[in-house]
Amino acid sequence: SYPLRYSVPPCAFFYKIFGAFWPAIIAQIILSSFLAVLIFKIGEEAGFGEKISFLAGILTATAPHLIYYGNLYVTESLFAFLFLLGIFFFIKFIKKTSLKYALLSGFFLGLDTLVKVSTQYLLILCLIIIGLVAYRLNQETRKNIYQLF
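The structure reproduced in this document is the subject of the present report. (Residues numbered from 1 in each chain as written. Predicted model: local features only at pLDDT ≥ 70, side-chain atom pairs only at ≥ 80, totals over all residues. Heavy atoms only, no water.)

**Quick notes on the pattern of salt bridges**
- One pass over the full model with this rule turns up three salt bridges.
- A salt bridge links E44 to K41, with the nearest nitrogen and oxygen atoms 3.8 Å apart. Placement of the pair is E44 and K41 together in helix α3 (residues 35–45), with a separation of three residues, close to one helical turn.
- The class of E44 is partly exposed, set by a relative accessible area of 30%.
- For K41, a relative accessible area of 36% translates into the label partly exposed.
- Here the residues in one salt-bridge network are E45, K92 and K95, joined through shared partners. (Salt bridge = Lys/Arg side-chain N within 4 Å of Asp/Glu carboxyl O. Helix = DSSP H or I, 4+ residues; strand = E, 2+ residues; numbered from the N terminus. Buried < 20%, exposed > 50% of the residue type's maximum accessible area, 1.4 Å probe, protein only.)

And the structure:
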């Protein structure tokens, strides 16, 4: 399901400012172009190494469906961008247990829920991952993670 919150307000905003809808599509193309960079950064942050992360970024940049949907005014580009930002900061939070990264991850995944409501189910998986990671850490770090909640 696609909430009305995504399609109408940005289109109205771009139409009010520029008097046309094409700037909304240009903004969407720009967001789509950053997906490959985000995939690369997520791969590096997750510890896959530079070569594998680079290959993942290249595969993302050349994926036909991403190229096709990047030129249309649909929710997929903004959804993928916000989702990957949320995942990137979640991985940083898991590695460094910083409140800043937890808040940034929650913020971007929350915005993503406004675009597509299916992201709200990711919270369950994130909580399970946090619990498993906290279980494997030492007592001091575990206490810091639990204090965030």
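**A few points about the nonpolar core**
- Counting 22 residues, the largest nonpolar core has I42, F81, L82, L85 and F89 as the members making the most contacts within it.
- Only α3, α6 (76–96), α7 (99–115) and α8 (122–136) provide two or more residues apiece to this core.
- It is α6 that contributes the most residues to this core, 13 residues altogether.
- In contact with F81, other than residues within four places in its own chain, are L31, F34, L35 and L38. (Core = buried A, V, L, I, M, F, W, Y, C linked by side-chain atoms within 4.5 Å. Contact = heavy atoms within 4.5 Å.)

**Notes on the packing of aromatic side chains**
- Applying the stated criterion to the full structure yields six aromatic pairs.
- Between F79 and F83, the ring centres sit 5.8 Å apart and the planes meet at 15°, which makes this aromatic pair stacked. Of this pair, F79 and F83 both sit in helix α6, four residues apart, which is roughly one turn of that helix.
- Overall, F83 belongs to the partly exposed group, its relative accessible area being 25%. (Phe/Tyr/Trp six-rings, centres within 6.5 Å; stacked < 30°, edge-to-face > 60°.)

**Quick word on α6**
- For α6, with 21 residues, the first-to-last C-alpha span of 30 Å sits near the 30 Å given by 1.5 Å per residue.
- When you tally the buried positions in α6, you get 16 out of 21 residues, the bulk of the element.
- A positive backbone phi angle near 45° is found at T97, which sits one or two residues after α6. (Expected span 1.5 Å × (residues − 1).)

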